[in-house]
Amino acid sequence: MNSHDMATLKPHDALQAALKDDLDAVGVLIRERMASEHAPRIPEVTAHLVEAGGKRVRPMMTLAAARICGYGGPYHVHLAATVEFIHTATLLHDDVVDESQQRRGKPAANLLWDNKSSVLVGDYLFARSFQLMTETGRLDVLRVLSDAAATIAEGEVLQLSAAQDLATTEDIYLKIVRGKTAALFSAATEVGGMIADADPDVVAALHEYGDALGISFQIADDILDYGGAGDQIGKNIGDDFRERKLTLPLIKAVAAASDAELAFWSRVIEKGDQRDGDLDHALELLAAHSALDLARRDALGWSAKAKTALDRIPDHPMREMLRGLADYVVARLN
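Keep in mind that this is a model prediction, so the values were computed, not measured.

Engineer: Give me the lowdown on unusual backbone geometry, citing residues and values where you can.
Structural biologist: Residue proline 74 is bonded to the preceding glycine 73 through a cis peptide linkage, with omega at 5°. Mapping proline 74 onto the fold places it in the loop between α5 (57-68) and α6 (75-98). The phi angle at aspartate 197 is positive, at roughly 55°, despite the residue not being glycine. Take aspartate 197: its relative accessible area is 60%, and that puts it in the exposed class. With a phi close to 50°, serine 290 is a non-glycine residue in the positive phi region. The residue serine 290 is located in the loop between α16 (278-288) and α17 (291-310) in this model.

Engineer: Give a detailed account of the nonpolar core, specifying residues and quantitative values.
Structural biologist: In this structure, Leu15, Tyr209, Leu213, Ile219, Trp265 and Leu322 are the most contacted members of the largest nonpolar core, which totals 98 residues. Leaving out residues up to four positions away in the same chain, leucine 322 has contacts with Leu15, Met61, Ala64, Ile68, Tyr209 and Leu310.

Engineer: Go over the pattern of salt bridges, please, and point to the residues and values.
Structural biologist: Should the charged atoms of two oppositely charged side chains come close, the side chains can pair. Tallied over the entire structure, the rule returns 23 salt bridges. Two residues, arginine 242 and aspartate 239, come together in a salt bridge whose shortest N-O distance is 3.3 Å. Placement of both arginine 242 and aspartate 239 in helix α13 (residues 239-242) is noted, with a separation of 3 residues, approximately one turn of the helix. Taking relative accessible area as the criterion, arginine 242 reaches 43% and is therefore assigned partly exposed. Of the charged contacts in the structure, one is a salt bridge between glutamate 320 and arginine 323, with a shortest N-O distance of 2.9 Å. Of this pair, glutamate 320 and arginine 323 are both found in helix α18 (residues 317-331), 3 residues apart, which corresponds to roughly one turn of the helix.

Analysis parameters
Residues numbered from 1 in each chain as written. Predicted model: local features only at pLDDT ≥ 70, side-chain atom pairs only at ≥ 80, totals over all residues. Heavy atoms only, no water. Helix = DSSP H or I, 4+ residues; strand = E, 2+ residues; numbered from the N terminus. Buried < 20%, exposed > 50% of the residue type's maximum accessible area, 1.4 Å probe, protein only. Core = buried A, V, L, I, M, F, W, Y, C linked by side-chain atoms within 4.5 Å. Contact = heavy atoms within 4.5 Å. Salt bridge = Lys/Arg side-chain N within 4 Å of Asp/Glu carboxyl O.

Dropping the structure here:
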């Protein structure tokens, strides 16, 4: 592929092309490690997700960080596969918790099999991810990824109690997002620098980039739930509303709400009494308080923070692709 073709690709596609050999190696390792001699359902369920055309953004971030920092291999491949396993495990568990109908545009695994399979296969993938991590022989890397796994679980549990509580603040929302989304983004980039024995400031900058990118990505996702094309986000418009999730746009609308509006939000979100026309009314209230625009401004701010962090890492073509990725996650909002 020539440089002109690379320049016209979307940032994640450009990264995918630049990291093709590494990603192929990650794919081989994933297929190897999700095999199970005794429980054929494990590769069935995981293949449904792993082969469903996910963009593999998180493992690419690990590979890119390692390459930018001059790493020659082989353990960046193990770490990228670890990150993808952790991500896939959380997706399986999320779909059970959220009773989701769709994942990556296909029926969620818990619909094709059952909740028991999704939970247990998710557990298996978590265990596999820890086996892969230990093979690097790096206790510091193990600490970062195991901390991330704990933070992800903590964020999901916090979301359970906060999601349907109108008292949830933007600070609590940020804690949830840092847990369920940004923790894996930041760990993915950080361990790529660590395995390459990069300077501590470079490793810290990679962590900051992943953290800000993850927050920006999640806010954008939450905004698109109230106005993106279903095929663009792999779920249906208003899923978060129906699941009574208090995401950033809603938190902003609730903060500005009149008493009558608060009574509406309390009925549909806290009590779960949703009727025909409620989603349309919710969209009207979001518009009245510019909640989606304000949330969009926050997403752009975090994207800018991610790009600023990249100024502290070595100059490299892949660094510019990571910069493009920070623009791309919010470009979906235009």
